[in-house]
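So the chains spell out like this:
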Amino acid sequence: MAKVKLTAGRVANFQCEEGKAQSFLWCDTVPGLAVRATVGSTAKRYIFQAKVKGQTMRLTIGPVSAWGIDAAQTEARRLQILIDQGEDPRQVKADKAAAKDAAILAKEADAIALTKQQIRASVTVGEVWETYIEARRAKWGERTLFDHLKVIKPERTKGEGENQKTLTAAVLSSLMPLPLSALTSDRVSEWLEEETPKRATQAALAFRLLRAFINWCNERDEYKGIAAPDACARKVSREHLPKAKAKSDALQREQLRLWFEAVRRIPNPTIAAYLQGLLITGARRNELTGLRWEEVDFQWNSITIRDKVEGERTIPLTPYFASLLRHLQRRNETPPTVRRLNTLKEAGKSWEPSPWVFTSQTSATGRLEEPSIAHRKAIAAAGLPVVSLHGLRRSFGSLSEWCEVPVGVVAQIMGHKPSATAEKHYRERPLDLLRMWHSRIEAWILEQASIEQPTEDAKPGLRVITAA
């Protein structure tokens, strides 16, 4: 292996020998240093070759276009020093590369951590509230979703021109722009001190929703610890919210006539029938708004209601309520006007009867969503004390006592859990028995309201068909 003094001319003119894959121009000054030329390539590189622990090792220093002769010789000497010190230059190089990569990763991790900290510090209550709603939407009922959207509405205008009016911002809207980290017990206390005197009921509802929201945040890694876990502690609610009282709103016997007169004058027959149905069946508000025609059986005079206790229950369809539903069914199955059909056609839609018993053309769901407004107007027009929709359910339970109906019958119709051992294990009331008592309750209510009872349809039973 001939060695020569490396010069710029010799390095530039050195070529791979013909018939070989690679050729080396060895340096006579620094042992192990050489210029390597490969066949088919004009690029030449400085290499260093030596023995490490009895094995020949060859390292590439770099291309001759980038490395000068002196620099290559210096690098070769450095590599030889490492070998003399008992180290493997390849391992040293790998360790340096690994350390460099680790430093880069650590720097990137620090940057990501800093970014996360910045995000956690700047994320607002409103942004996380939206994420919370989307994460929980599938597990909530319509009313729960409605409440979460309603309590954060900002101040807005309604109507146009002279009819335009400004709607007050919702009870939680003032907290939405705040950073999530600002939700502390002191800040929530300040908010309650401001809102409770103006709208105590809404503030109490919003407080419960906010407490569930904070609990959810502290269960998620990305939001855990940002909001103070004790922001909605019981101490806060005790100090700033009035003590909850048992609801007692219900119609009295002597108020029935005025109530029915006002409700039956409601221009929307769907809402009028719905409100009367709440009083006559004692159902929960969402149990009736979610009623489908497939769940109404006019042949056997029954209604199947989806309830929150047993999943569903079947109750009697009493004569007067049945007459109201038949009227709604006829309206539902009557095709709209030609003009309405053309409007639907232009929008790329077709008409078909609604599957909902209590329909609404303005609701996104196609069914009745907010009958409270019409009910409050009817109550005010009749000069009666305020009665909520749930108060109508409470009225059914109270008024049924005038008919001396067994408590267990009323509970079964209303969908209450049995409260005694006998009711749980030894009472299995068939639908016809419930119908007898339920019809008696309805008849008594109509009598007090001075409403003529409809002619009761033929009882379900066997029909005899005479052969021709």
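Residues numbered from 1 in each chain as written. Predicted model: local features only at pLDDT ≥ 70, side-chain atom pairs only at ≥ 80, totals over all residues. Heavy atoms only, no water.

(A) Just the pattern of salt bridges, in detail. Within the structure shown, the criterion is met by 16 salt bridges. Of the charged contacts, one joins Glu-195 and Arg-199 as a salt bridge, the two residues approaching to 2.8 Å between their closest N and O atoms. Classification of Glu-195 by relative accessible area gives buried; the value is 4%. For Glu-287, the salt bridge is made with Arg-313, and the minimal N-O distance between the two is 2.9 Å. Here Glu-287, found in helix α11 (residues 285-289), pairs with Arg-313, found in strand β10 (residues 313-316); they are 26 residues apart in sequence, far enough to count as distant. Of the two residues examined, Glu-287 and Arg-313, each falls in the buried class. Residues participating in the shared-partner salt-bridge network are Arg-284, Glu-287, Asp-307 and Arg-313. (Salt bridge = Lys/Arg side-chain N within 4 Å of Asp/Glu carboxyl O. Buried < 20%, exposed > 50% of the residue type's maximum accessible area, 1.4 Å probe, protein only. Helix = DSSP H or I, 4+ residues; strand = E, 2+ residues; numbered from the N terminus.)

(B) Expanded view of the packing of aromatic side chains. Tallying each qualifying case throughout the model produces 10 aromatic pairs. Seen from their ring centres, Trp-129 and Tyr-132 are 5.9 Å apart, and the 65 degrees between their planes marks the pair as edge-to-face. Of this pair, Trp-129 and Tyr-132 both sit in helix α4 (residues 125-136), three residues apart, which is roughly one turn of the helix. Assigned by exposure class, Trp-129 and Tyr-132 land together as buried. Ring centres of Tyr-132 and Trp-140 lie 5.4 Å apart, and the angle between their planes is 75 degrees; on these two criteria the pair is classed as edge-to-face. You'll find Tyr-132 and Trp-140 in the same group, each marked buried. Feature note: the residues Trp-129, Tyr-132, Trp-140, Phe-213, Trp-216 and Tyr-223 constitute an aromatic cluster, connected by ring pairs. (Phe/Tyr/Trp six-rings, centres within 6.5 Å; stacked < 30°, edge-to-face > 60°.)

(C) Looking closely at the layout of surface pockets. The computed volume of the second largest pocket comes to approximately 810 Å³. Lining the second largest pocket are 28 residues; nearest its centre among them are Asn-332, Ser-354, Thr-359, Ser-360 and Gln-361. For the lining of the second largest pocket, the secondary structure elements donating two or more residues are α10 (269-281), α12 (319-333) and α13 (338-346). Tallying contributions element by element places α12 first for the lining of the second largest pocket, with three residues. Each residue belonging to the lining of the second largest pocket can be placed in one class, and the counts come to 11 nonpolar, 13 polar and four charged. (1 Å grid on protein atoms, 1.4 Å probe; cavity = no way out; pocket = protein on both sides within 12 Å on 5 of 7 lines; lining within 4 Å. Points joined across faces, edges and corners; volume = space filled by probe spheres on them. Nonpolar A, V, L, I, M, F, W, Y, C, P; charged D, E, K, R; others polar.)

(D) Representation of the packing of helix α9 (residues 256-264) against α10 within the structure. Contact geometry of α9 with α10 gives a least axis separation of 9 Å together with a crossing angle of 150 degrees. Considered as vectors, α9 and α10 are oriented roughly antiparallel to each other. Between α9, through Leu-256, Trp-259, Phe-260, Val-263 and Arg-264, and α10, the contact on the second element is made entirely by Ala-272, Leu-275, Gln-276 and Leu-279. Residues of the contact of α9 with α10, tallied by class, amount to seven nonpolar, one polar and one charged. (Axes fitted to C-alpha atoms, helices over the stretch in contact; angles between N-to-C directions. Parallel < 35°, antiparallel > 145°, perpendicular 65-115°, else oblique. Contact = heavy atoms within 4.5 Å.)

(E) Geometry of the nonpolar core. By size, the foremost hydrophobic cluster in this structure holds 58 residues, and its most contacted members are Leu-256, Trp-259, Phe-260, Leu-275, Leu-325 and Phe-358. Of all elements in the fold, only α9, α10, β9 (302-305), α12, α14 (372-382), α15 (389-399), α16 (407-414) and α18 (431-448) reach the threshold of two or more residues within this core. Per-element accounting of this core gives the leading share, eight residues, to α10. Apart from the residues within four sequence positions on either side, Trp-259 is in contact with Leu-251, Leu-275, Gln-276, Leu-279, His-375, Ile-379, Leu-384 and Leu-392. (Core = buried A, V, L, I, M, F, W, Y, C linked by side-chain atoms within 4.5 Å.)

(F) Local environment of the side chain of Asn-218. When you line up the elements, Asn-218 lands in the loop between α7 (200-217) and α8 (234-240). In this structure Asn-218 comes out as buried when scored by relative accessible area, which is 18%. For Asn-218, the side chain forms a polar contact with the main-chain nitrogen of Gly-225, separated by 3.0 Å. With near-sequence residues (within four places) excluded, Asn-218 lies in contact with Tyr-223, Lys-224, Gly-225, Ala-227 and Pro-229. (Polar contact = N/O pair within 3.5 Å; in protein donor to acceptor, adjacent residues only side chain to side chain.)

(G) Inspection of the sheet that holds strand β2 (residues 22-27) at higher detail. What the five strands build is an open sheet, ordered β1-β2-β3-β4-β5; its pairing is mixed. The open sheet has two edge strands with one neighbour each: β1 (3-4) and β5 (55-63). Note: strand β4 (residues 44-52) against β5, eight bridges, orientation antiparallel. Bridging from a neighbouring strand, Phe-48 pairs with Leu-59 of β5. Where helix α2 (residues 69-84) meets the sheet, it contacts β2, β3 (33-38), β4 and β5, and its direction lies at approximately 20 degrees from that of β4. (Pairing = 2+ DSSP bridges.)

(H) Representation of the sheet that holds β9 in the model. The strand order β8-β9-β10 describes an open sheet built from three strands, whose pairing is antiparallel. At either margin of the open sheet sits one strand with a lone partner, and together these are β8 (296-297) and β10. Across four bridges, the pairing between β9 and β10 is antiparallel. Considered in β10, the bridge of Ser-302 is made with Pro-316.

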